[in-house]
Amino acid sequence: MPEISPYILIFILVLFATLLSRSVPKLNEPLYVICFMAMTAFLALRYGQGTDYSMYEYYYLAAPNSIDFGSLYFTDLYHTETGWKVVMMLLRTCNVPFEAFIAVLSLAMMACLSRCIRLFSPARMLSLLIAFPTLYLTGFFSMLREGFVVAIFLGFLLQLLLEDRKPVVYICTSLALSFIHSVALILIAVYVIARFIDHSKDRNWLWLLLGVFLLAGILPLASEGLRSFLSTLPGIGYYYRDVQVSWLAFGERVLWFAVIVPMGYRIASGAPKDSIIQSNLLPRLLDLYVIGFALYCLFLPSPITASRFFFPFESLELLLVPLVFSFTVKWRSVVLLLVIALSVLFVIKNLDAYLGERGYYDFVSWVSYPYVSIFDDHEQLSLYREPYKLSGMP
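Quick caveat, the model's predicted, so the values are computed rather than measured. (Residues numbered from 1 in each chain as written. Predicted model: local features only at pLDDT ≥ 70, side-chain atom pairs only at ≥ 80, totals over all residues. Heavy atoms only, no water.)

Novice: Residue-level account of the overall build of the protein, with values.
Specialist: The secondary structure content of the protein amounts to 16 helices and zero strands. If you take every contact in the protein between residues at least 6 apart in sequence, the share linking residues at least 24 apart comes to 73%. For the protein, the exposed surface amounts to about 17800 Å²; the carbon and sulfur share of it is 66%. (Helix = DSSP H or I, 4+ residues; strand = E, 2+ residues; numbered from the N terminus. Contact = heavy atoms within 4.5 Å. Areas by Shrake-Rupley, 256 points an atom, 1.4 Å probe, with all protein chains shown as cover.)

Structure follows, in structure tokens:
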């Protein structure tokens, strides 16, 4: 019998705690704290974990160890955002170990996640369970730059967006984050669209946007001639080359959209006028989610771009699903079973994908996917995957 992966054990802990918190509500807070602390320690103390870990370590080690903006590091030879390069240079200048940077970054991302859950979620353990497969395992473990941007969005910018206040702070912060990862610019575009729809007080604009973007995304997939023509256009041609749509990912997103959006708007429209649900929280979250999904549909021919643009708004599922779950009785069991089934499916899918991306040996499976901490012998990684994958080269 293969050794059970620590990743799976952590997931089982979160899943069990979620079910127990529903049965014994008074245990919800202590269970949340235990699971959150376990997930945080697991993330912060890792070594070589995450598909892009070695790439980020390479960029860190390549940075000059003094203030030098004339270095080759700040040319196109190193392809990453300038803000991230500056952070790496400053850390190297201060002799901060890469492992310490990873630990601090992990603590910051998890703190933002917890703040978001505590502010807006009526079912904290359920939110943590939903966050586990994609936001936590992929965003926080591997996609460090985008994961950080999404964490800041959830922990701070989302509140400004929902409460429609401090627009200058929201826009300036998003612009600053774009120097860490360019996906932050989509936060500004969504802000403009959301404000237009909010001030027009006509949600039909939202459905029109969705319809137009969906049509614009699907037509190139259905017509090779149109796709070939679009691929020649300057500026947008890149998005229509080498089209490889992940229909599993698309199906999962459509499924959640079909569950969350109709049920969510129905709950919001039937809630008392003075309730937190009616007073813009749920409707505005749904509007943001629909706008994000529309952008995902628009960029369907370019799956990586579509996923990146949708990622901040896909993460809103960790709030939307608990809100729908908590304010509907008839479908509560169905929603919970769906969350569990999809969480299990995507934990397995993601762990299995990580094996191929990082060159693990054939005897390693998703069941036994290894975890190495900063306290372990770093050479232990070579027991599980090919040595050249440990070189730190992108």
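Novice: For helix H4 (residues 82–93), give the residues involved together with the corresponding values.
Specialist: Here H4 contains 12 residues, and its C-alpha end-to-end distance of 16 Å stays within 8% of the 16 Å for a straight helix at 1.5 Å per residue. On its buried face, H4 sits against helix H3 (53–62), helix H5 (98–120) and helix H7 (144–163). Looking at the residues trailing H4, positive phi occurs at Asn95, about 60°. (Expected span 1.5 Å × (residues − 1).)

Novice: Summarise the packing of aromatic side chains; cite the residues concerned and give the values.
Specialist: Across all of its chains, the model carries 35 aromatic pairs by this definition. Look at Phe42 and Tyr371: their rings are 4.0 Å apart centre to centre, the planes differ by 15°, and that puts the pair in the stacked class. Of this pair, Phe42 sits in helix H2 (residues 28–44) while Tyr371 is found in the segment after helix H16 (332–357), placing the two residues 329 residues apart along the sequence. Given a relative accessible area of 16%, Tyr371 falls into the buried group. Each ring, one from Tyr73 and one from Phe74, has its centre 5.7 Å from the other, and the planes form 90°; the classification is edge-to-face. (Phe/Tyr/Trp six-rings, centres within 6.5 Å; stacked < 30°, edge-to-face > 60°. Buried < 20%, exposed > 50% of the residue type's maximum accessible area, 1.4 Å probe, protein only.)

Novice: Account for the side chain of Ser142, naming residues and giving values.
Specialist: As for its placement among the helices and strands, Ser142 is situated in the loop between helix H6 (124–140) and H7. Among all residues touching Ser142, those that are not within four sequence positions of it are Gly50, Thr51, Asp52, Tyr56 and Leu137.

Novice: So what about unusual backbone geometry? Which residues, and what values?
Specialist: The phi angle at Asn95 is positive, at roughly 60°, despite the residue not being glycine. For Asn95, the position within the fold is in the loop between H4 and H5. Even without being glycine, Lys166 reaches a positive phi, approximately 50°. Here Lys166 lies in the loop between H7 and helix H8 (167–177). By relative accessible area, which is 48% here, Lys166 ends up partly exposed.

Novice: Outline the packing of helix H9 (residues 185–200) against helix H14 (residues 303–314), listing residues and values.
Specialist: In the contact formed by H9 and H14, the axes pass within 10 Å of each other and the chain directions differ by 65°. Remark: the crossing between H9 and H14 carries right-handed chirality. Mapping the contact onto sequence places Ile186, Leu187 and Val190 in H9 and Phe309, Pro312 and Phe313 in H14. Per-class residue counts for the contact of H9 with H14 are six nonpolar, no polar and no charged. (Axes fitted to C-alpha atoms, helices over the stretch in contact; angles between N-to-C directions. Left-handed = near helix turned anticlockwise from the far one by under 90°. Nonpolar A, V, L, I, M, F, W, Y, C, P; charged D, E, K, R; others polar.)

Novice: Quick one: what's the story with the packing of H3 against H4, residue by residue and with numbers?
Specialist: Helix-helix packing: each pair is described by the crossing angle between the helix axes and the interaxial distance. Their axes nearest at 8 Å, the elements H3 and H4 cross at an angle of 60°. As H3 runs across H4, the sense of the crossing is right-handed. Here H3 contributes Tyr56, Tyr59, Tyr60 and Leu61 to the contact with H4, which in turn contributes Trp84, Met88, Leu91 and Arg92. Considered class by class, the residues forming the contact of H3 with H4 number seven nonpolar, no polar and one charged.

Novice: Give a description of empty space enclosed by the protein that names residues and reports values.
Specialist: Across all of its chains, the model carries three cavities of 30 Å³ or more by this definition. As a volume, the largest cavity reaches approximately 210 Å³. Forming the boundary of the largest cavity are 16 residues, of which Ile130, Pro133, Thr134, Glu252 and Glu317 lie nearest the centre. Secondary structure elements with two or more residues in the lining of the largest cavity: H6, helix H12 (247–270), H14, helix H15 (317–326) and H16. Residue composition of the lining of the largest cavity, by class: 10 nonpolar, three polar and three charged. Taken as a whole, the second largest cavity spans an internal volume of roughly 70 Å³. Residue lining of the second largest cavity: Leu161, Leu162, Ala194, Arg195, Asp198, Arg284, Asp287 and Leu288, and that is the complete set. If you list the elements that add at least two residues to the lining of the second largest cavity, you get H7, H9 and helix H13 (277–298). (1 Å grid on protein atoms, 1.4 Å probe; cavity = no way out; pocket = protein on both sides within 12 Å on 5 of 7 lines; lining within 4 Å. Points joined across faces, edges and corners; volume = space filled by probe spheres on them.)

Novice: Got a sec to walk through the pattern of salt bridges? Specific residues and values, please.
Specialist: Tallying each qualifying case throughout the model produces nine salt bridges. Note that Asp198 is salt-bridged to Arg195, the shortest N-O span being 3.7 Å. Note that Asp198 and Arg195 are positioned in helix H9 at a spacing of three residues, about one turn of the helix. Take Arg195: its relative accessible area is 8%, and that puts it in the buried class. (Salt bridge = Lys/Arg side-chain N within 4 Å of Asp/Glu carboxyl O.)

Novice: Tell me what's going on with a nonpolar patch on the surface, and back it up with residues and numbers.
Specialist: On the surface, a cluster of nonpolar side chains totalling about 400 Å² of accessible area is made up of Phe196, Trp205, Leu208 and Val212. Broken down by element, the residue count for the nonpolar patch peaks at three residues, all from helix H10 (residues 204–222). (Patch = residues over 30% accessible without salt bridge, like charges linked within 9 Å, V, L, I, M, F, W, Y side chains within 5 Å.)

Novice: Tell me what's going on with H3, and back it up with residues and numbers.
Specialist: Of the residues making up H3, those classed as buried are Tyr53, Ser54, Tyr56, Glu57, Tyr59 and Tyr60. In the core, the buried residues of H3 are packed alongside H4, H5 and H7.

Novice: Hey, could you go over the nonpolar core for me, with residue numbers and the actual values?
Specialist: Residues Tyr136, Phe153, Leu158 and Leu318 are the most contacted members of the largest nonpolar core, which totals 133 residues. If you tally residues by element for this core, the top one is H13, at 13 residues. In this structure, Leu318 is in contact with Leu113, Cys116, Ile117, Ser121, Ser127, Ile130, Ala131, Leu135 and Leu154, ignoring residues within four places of it in sequence. (Core = buried A, V, L, I, M, F, W, Y, C linked by side-chain atoms within 4.5 Å.)

Novice: If you had to explain the state of the cysteines to someone new, which residues and values would you point to?
Specialist: Applying the stated criterion across every chain yields a total of zero disulfides. Just so you know, Cys116 is unpaired, no disulfide at all, and the nearest cysteine sulfur is the one on Cys112, 9.3 Å from it. (Disulfide = S-S within 2.5 Å.)

The quantities given are spatial measurements derived from coordinates; they are silent on function.
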